[in-house]
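# An overview of the molecular structure
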Amino acid sequence: MSHGGIILDDPARVGNFIHTIDRLCRRPARGEGVQDSPHVARRPLLARWRGVSDDGQYVDRKGVPLVRLSEAGDWPSILAPQGRPATHVISPGIPRADPDVQSGEDAAKILSRVVVALRSTRLRFPAYRLVAQLMESLADSHGKEERARGILREADRTWGWGVETADRGSEHVPFPVNLLLRLLPGFVHDLRVSGRVPLLSGRFRRLRRVLSQGDSKAPGVPALLAAFDPADKGRGARALLSAFMDDLHRQYRRSPLHVRGAGHVFYPLLLLNEHAGPLVDLIEERRADLGRFDPVVVVSYTPGTVLLEDDEEALWRLVRWRRELVTAAEPAAWRQVLATPLIITAPPVPPDLTRYDVADPTWVPPARVAPWWSSWTAIALFWMALAGAIGAYAGQTAAWHRSACADGLWTPWTESGRQLAGTQCVGVAEPDYLFTPGNAEMVRVQAVLQRENERAARLHEGSERPYVTIVYLAALTSSDRDTLAAAREGLAGVAIAQQRQNGSAGPSEPLIRILLANAGGRMEHGSRIARLLLRYRDDEAPIVGVVGLDQSRQETVAAIQELGKAGLPMVASTLSADRLVNESPFYFQVAPQNSRQAWMAAAFADSLVEKGEVKRRARVYYSHDVTDYYASNLASRVVARLKERGFAVEGRRFTPVGSAKPGPGDRSEDVYDGEPRDAGVSACGFDGLVYFAGRGIPDFAEFVKGVADKCAGAPPTILGGDDVTRYVADVRVRSAVSGVGYYYQSFAVAPNKCGQPQRHDFYADLFATFPFECEEPGPGRTLDGHAALSYDAAETMITAIRRLGRERHRVPVNSYTVWRQLGTLYTPDQSGHAIEGATGALDFGAGSPRQYPLDKAMLVLHAKGAERPTQVGACGDITRAAKAEFFPWCGSVPTIYR
């Protein structure tokens, strides 16, 4: 039988009816709504962009109509079989409810039967249960907001319980905690049950939306409940229905956060008999808003007979309606199809239902299979994999933080430039990274360096000025925090040099960026850092040189050799060992050599003998550490110079703090005094000069304590080498021993007090930039000269870069051109100085550069406890120095020691 090209596929008319109900319940693979066939191929992903239309199959218009059956007979019980599992005339996976509704039951009672039936299909209705629970408790709370709050507290299984139990045991805790326990749960509970706070309110936020019918300006949930009249059955039923639909809608969501919702391939089916009219009327009222999609198919039947022209015409209308529902081209046509419930006459029940069993693919085609990723197993595996990935990533990040001294999140392409070596973090970093341990003064100094780096980057934009990077390589950490005073002063000197240079104007004035490189407390990782600098590339601000360096040790020599192989010029600030200038032609230093220091020590000792302060005898205490080139070189030079002046010299050895004692292979004939403190004890009672040729921190600090332990009232005459300035640098450390005075040698001219005229503008800038340097006594007010030496080293490098831009033909600024320019920092006619340094004139000698300054300043100072050290005398080319400041024997310094 045909009509308009449509063939009725079942003379009994059962097939069209079954297919209609079945297809209304089948959920599309994408979007929501009704599709004509459950087996239509998906539209290609690019079909929409290409203008391909599939209006005949899927239009994603949300809305499922109400279907009313006339003379339904046994169809509801057949579509939802009870005790007949073998007879399935529609897809068995459809969640369905066929409540046995009795005459006179209200909508709320009917809906409760529906919920009980659907809960057996693994659908959950938490919002409905909450509303139903509150409805049962509303009889005596009408108009009483406090009673409503009590009901909500009972319904709140989290913070509501906390309100009731907050005061239990509170008398055993301190008063602030007691007060917090009493107030916080109630405060949080009130916020939660108000339904106004996202996330915190949870289900009460949905409850507020249900009770207020979506009014965003409605009051909180307690006020809504208090205003709710339990006698208003219609309003209560609407609230229950709204909660029911809200639960269904939440479970059918498709989103990355609601993956399980994609596993529902059928909409629930409600089969309501002729007594369910109150619930059907409410559903029709709700369905009047076609823009709100409720994922449920409702089929009811009327108690009376609807007279139609003939049954065949009714089925034709069913077929036509189904086509119109999925092919409506305009929203108005689509709304017209859904506006009125469809009323049709159900076909008579066939005598043999097995013909329509699910095993027959002709009548019940297989349903769409739920996506594999929406199953509980897939979801559990996904979260397990995600948790494992997050855990692995967190572990990798933590390991990266530990091994690379990094912060932030780890990424495979990120390198921090730093590594954890033992307990120290070594490597390269911007000044905003603090190599711990640190202190407040160190943070302030590095903040200035970072600010100047940012300033240089801003000035470089649109500028032709050279923009280069200078690395400050030094011992920026230590197991002993006392050394940080000298390290911080070195950084402060570099910061002033960078600040003054970036503040200058002119096309040839370079813009300076500073990188910090920490080689460890004893420079033990110097060569590793040197190799790391070789891989560090920045095309915008290339590395052109290294300044600083620290401690003339074996690893320092290895670092100098590595940097020299890479063609990076170096200007050391405090290094003085004689052998260093032979390690690489790329190496320069602003400090004099140990040979000059030793000659001056012997001359000063000779003057003390002439004054009668000491006998012509001397003990030279030094570290037996074979890797410490400074100590061994200075000791041997001092011993030789003292012997030249007729001193009876005795070499005495000690074990540096943290080092091993001499082993069986030790062949030295000098006396071994044990630890530095023991060596200090052994110096007591000696009437000659005691010369200390070791490290100021921590060895000299222990040496002085040993002297104080035994002979603080009559200590020997002590003269320390220039490294003792590290001990003097920290006034808090040297103040620990207040009864022992000592002389020490220094490479820097002492500054005047703050507010007084200074020998060099450097000190004025230093005190203005870092006010803590003016505190006396304080963390920074010292006369050790580390800040000035570092400033001179940086200024020497900057001067070489600056002079490249002043050439007649502009020379590219790179490490090799800067190295070549360093060799020209001298004045052939001796009419002035190449650089007027903060520690004295810097001139590397005419004709053949010596890689260390000519006639460099050398001072002897006296210190005792926390008192301000006093300058005893000096030799060298010192700007603005008065004649009285110099030793009378300075003119007799041999040429080889100038």
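Note: the structure precedes this text.
Quick summary incoming for the structure in this document. What you are looking at is a predicted structure, and each value in this text was computed from that prediction instead of being measured. (Residues numbered from 1 in each chain as written. Predicted model: local features only at pLDDT ≥ 70, side-chain atom pairs only at ≥ 80, totals over all residues. Heavy atoms only, no water.)

### Things to note about a nonpolar patch on the surface
Which entries qualify depends on this criterion: Residues with no salt bridge and a relative accessible area higher than 30% make up the patches, which join like charges within 9 Å and nonpolar side chains (Val, Leu, Ile, Met, Phe, Trp, Tyr) within 5 Å. In these tables, accessible area is a Shrake-Rupley quantity obtained with a 1.4 Å probe, and a residue counts as shielded only by the protein chains included in the view. Within this document, salt bridges are pairs made up of a side-chain nitrogen of Lys or Arg and a carboxyl oxygen of Asp or Glu, the two lying within 4 Å of each other. Think of it this way: any DSSP run of H or I at least four residues long counts as a helix, any run of E at least two long counts as a strand, and we number them from the N terminus. Relative accessibility under 20% of the residue-type maximum defines a buried residue, over 50% an exposed one, and the middle range a partly exposed one, all with a 1.4 Å probe and only protein chains included.
There is a patch of nonpolar side chains on the surface, built from Phe382, Trp383, Leu386 and Ile390 and spanning about 430 Å² of accessible area. With respect to the secondary-structure elements, Leu386 resides in helix α15 (residues 376-404). On the basis of relative accessibility, which here comes to 31%, the residue Leu386 falls in the partly exposed class.

### Brief notes about the packing of helix α11 (residues 233-251) against helix α12 (residues 277-287)
When two helices pack together, their arrangement is given by the angle between their axes and by how far apart the axes lie. The line we're drawing: All axes are obtained by fitting lines to C-alpha atoms, using only the stretch in contact for helices, and the reported angles, taken between N-to-C directions, cover 0 to 180 degrees. Note on terminology: angles under 35 degrees are roughly parallel, angles over 145 are roughly antiparallel, angles of 65 to 115 are roughly perpendicular, and the others are oblique. With the far helix as reference, a near helix turned anticlockwise by less than a right angle produces a left-handed crossing, and one turned clockwise produces a right-handed crossing. Pairs of residues are marked as contacts when any of their non-hydrogen atoms sit within 4.5 Å.
Contact geometry for α11 and α12: axes closest at 11 Å, N-to-C directions at 65 degrees. Relative to α12, the element α11 lies roughly perpendicular. Judged by the sense of rotation from one axis to the other, the crossing of α11 with α12 is right-handed. The segment α11 lies against α12, with Ala237, Arg238, Leu241, Ser242 and Met245 engaging Leu279, Leu282, Ile283, Glu285 and Arg286.

### Observations concerning the sheet that holds strand β3 (residues 67-70)
As a reminder, the rule being used: Between any two strands, at least two bridges found by DSSP are needed for them to pair.
Spatially, the five strands line up as an open sheet ordered β4-β5-β6-β3-β7, and their pairing is parallel. Edge positions in the sheet fall to β4 (96-97) and β7 (342-345), since each has one partner strand and no second. Bridge count for β4 against strand β5 (residues 269-272) is two bridges, and the pairing is parallel. Across the sheet, residue Ala97 finds its bridge partner in β5, namely Leu270. Relative to β3, α12 is tilted by about 145 degrees, and along the sheet it contacts β3, β5 and β6 (297-302).

### Overview of unusual backbone geometry
For the peptide bond that leads from Ile697 to Pro698, omega is 0 degrees, which places it in the cis range. Along the polypeptide, Pro698 turns up in helix α23 (residues 696-711). Positive phi, normally seen in glycine, also occurs at Arg122, with a value near 70 degrees. Inspection of the secondary structure assignment puts Arg122 in the loop between α4 (107-119) and α5 (126-136). On the basis of relative accessible area, Arg122 is assigned to the exposed category, the value being 68%. Despite not being glycine, Leu549 shows a phi value in the positive range, around 60 degrees. By the element assignment, Leu549 lies in the loop between β12 (543-548) and α19 (554-565). Residue classification places Leu549 among the buried residues on the basis of a relative accessible area of 1%.

### Topic: the state of the cysteines
This is how the line gets drawn: Any cysteine sulfur atom paired with another within 2.5 Å is treated as part of a disulfide.
A full pass over the atoms with the stated rule returns three disulfides. Linked covalently through their sulfurs, Cys405 and Cys425 form a disulfide whose S-S length is 2.2 Å. An S-S torsion of about 130 degrees defines the bridge between Cys405 and Cys425 as right-handed. Here Cys425 lies in strand β9 (residues 424-429) and Cys405 lies in the loop between α15 and β8 (418-421), a separation of 20 residues in the sequence. The residues Cys405 and Cys425 share a single accessibility class, namely buried. The partner cysteine of Cys875 in its disulfide is Cys890, sulfur to sulfur 1.9 Å. In this structure the cystine formed by Cys875 and Cys890 twists about its S-S bond by roughly -85 degrees; its chirality is therefore left-handed. Taken together, the residues span a long stretch of sequence, with Cys875 in strand β24 (residues 870-875) and Cys890 in the segment after β24 at a distance of 15 residues.

### Regarding the pattern of salt bridges
Note that side chains of opposite charge can pair when their charged atoms are close. Inspection of every chain in the model, using the stated rule, returns 34 salt bridges. Among the salt bridges present, the one from Asp628 reaches Arg695, with a minimum N-O distance of 2.7 Å. With Asp628 in the loop between β15 (617-623) and α21 (629-644) and Arg695 in the loop between β18 (689-693) and α23, this residue pair connects regions lying 67 residues apart in the sequence. A relative accessible area of 2% means that Asp628 is categorised as buried. One salt-bridge network, held together by shared partners, links Asp550, Arg553, Asp625, Asp628, Arg695, Asp723 and Arg726.

### Regarding the nonpolar core
The test is simple: To qualify as a nonpolar core, a set must consist of buried Ala, Val, Leu, Ile, Met, Phe, Trp, Tyr and Cys residues joined through side-chain atoms within 4.5 Å.
Core analysis: the largest hydrophobic core is formed by 90 residues, its most contacted members being Ile470, Tyr472, Phe762, Leu766 and Phe770. Among the elements that make up this core, the one with the highest residue count is helix α27 (residues 786-805) (eleven residues). Ignoring anything within four residues of it in the chain, the contact list for Ile470 reads Ile512, Arg513, Ile514, Leu515, Val544, Gly545, Val547, Met797, Ile798 and Ile801. Listed in part, the 82 residues of the second largest apolar core include Val67, Val221, Ile283 and Phe293.

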